[in-house]
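Residue strings, one per chain:
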Amino acid sequence: MSTQFPLHFEKVSTKKVSEFIREQLEEAIILKELMSGEQLPSERELAEIFNASRITVREALAGLESKGLIQKRVGAKGGTFIQPVTANSHKRTAEEIKRDWEQMLQVFEYRKIIEPEGAFLAAERITAGELELLQSYLDQSLEPECTREWFRALDVKFHLAIAKASGNPYLESAVRHIRTKINPALDLMPYNEEVRRVNYEVHTEILTALKAHDSIRSREVMRRHTGFSAEAIYERVVAAD
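Residues numbered from 1 in each chain as written. Predicted model: local features only at pLDDT ≥ 70, side-chain atom pairs only at ≥ 80, totals over all residues. Heavy atoms only, no water.

1. Observations regarding helix 1 (residues 17-30)
Counted at 1.5 Å a residue, the expected span for helix 1 with its 14 residues is 20 Å, and the 20 Å between its end C-alpha atoms agrees. Within helix 1, burial applies to Ser18, Ile21, Arg22, Leu25, Glu26, Ala28, Ile29 and Ile30. Positive phi appears at lysine 32, one or two residues downstream of helix 1, with a value of about 60°. (Helix = DSSP H or I, 4+ residues; strand = E, 2+ residues; numbered from the N terminus. Expected span 1.5 Å × (residues − 1). Buried < 20%, exposed > 50% of the residue type's maximum accessible area, 1.4 Å probe, protein only.)

2. Considering empty space enclosed by the protein
Leftover empty space is mapped by rolling, across the atoms, a probe with the size of a water molecule. For the structure on display, the rule yields two cavities of 30 Å³ or more. The volume enclosed by the largest cavity comes to roughly 50 Å³. Lining of the largest cavity is provided by Tyr137, Leu138, Ser141, Phe151, Leu154, Asp155, Phe158, Asn199 and His203. Within the residue set of the lining of the largest cavity, elements represented by two or more residues are helix 7 (128-141), helix 8 (148-165) and helix 10 (193-211). The element best represented in the lining of the largest cavity is helix 8, accounting for four residues. (1 Å grid on protein atoms, 1.4 Å probe; cavity = no way out; pocket = protein on both sides within 12 Å on 5 of 7 lines; lining within 4 Å. Points joined across faces, edges and corners; volume = space filled by probe spheres on them.)

3. Details of the pattern of salt bridges
This model, assessed by the stated rule, comprises 23 salt bridges. Between glutamate 26 and arginine 22 there is a salt bridge, with the nearest N and O atoms lying 2.6 Å from each other. Of the two residues, glutamate 26 and arginine 22 are both situated in helix 1; the distance of four residues between them amounts to about one turn of the helix. The burial state of glutamate 26 is the same as that of arginine 22; both residues are buried. Among the charged side chains, a network of salt bridges with common partners joins Lys32, Arg152, Asp155, Arg179 and Asp187. (Salt bridge = Lys/Arg side-chain N within 4 Å of Asp/Glu carboxyl O.)

Here it is as structure tokens:
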């Protein structure tokens, strides 16, 4: 008698090692863990880090370079450097976001479930040190010399820190995945004093709820914040002519 197998098995992927390396580096760049202007280790050092051949590393770097995420420079001060993501986003992502908006909506729906619940748990479990770190991110975002790139980086750090404070590594991993998907869209948003003020106010509201260990309030404010982000991206990128 035959067995009815599930119909949702995934097909075998023949992903190359270079693609795994590229994806890890790309995630670090998109999440701004590797910042604009920062120099990557040499091909030899990266090969040791990833336990791969230099040829494989070279293929991964070529993929990043084709996306405008890194730049190779020659000469005495040469090397491989991270490119400013926010400054280049409009050149490569706007049309992609419009084309894949239905998929992006699914990511935002997922985010409105995950991040508010992460804030709920964080309010119960967050430490004094983690609260101080979040406050430092807010303070830096208001400094006059805060660049567009660093402002976007601080926003990512703020949200990832809350996810980590939830104490649940699965939730933290989910938020990292979400931010990898939506950061290119967020990088298209304007940067000015009004944006900085609004961002500071809502992040302060979230932090105040966390400091009070108010789980319900933390979840409510985070849900409102994530919903607003989706609407703002739609107006800025998708609905715009």
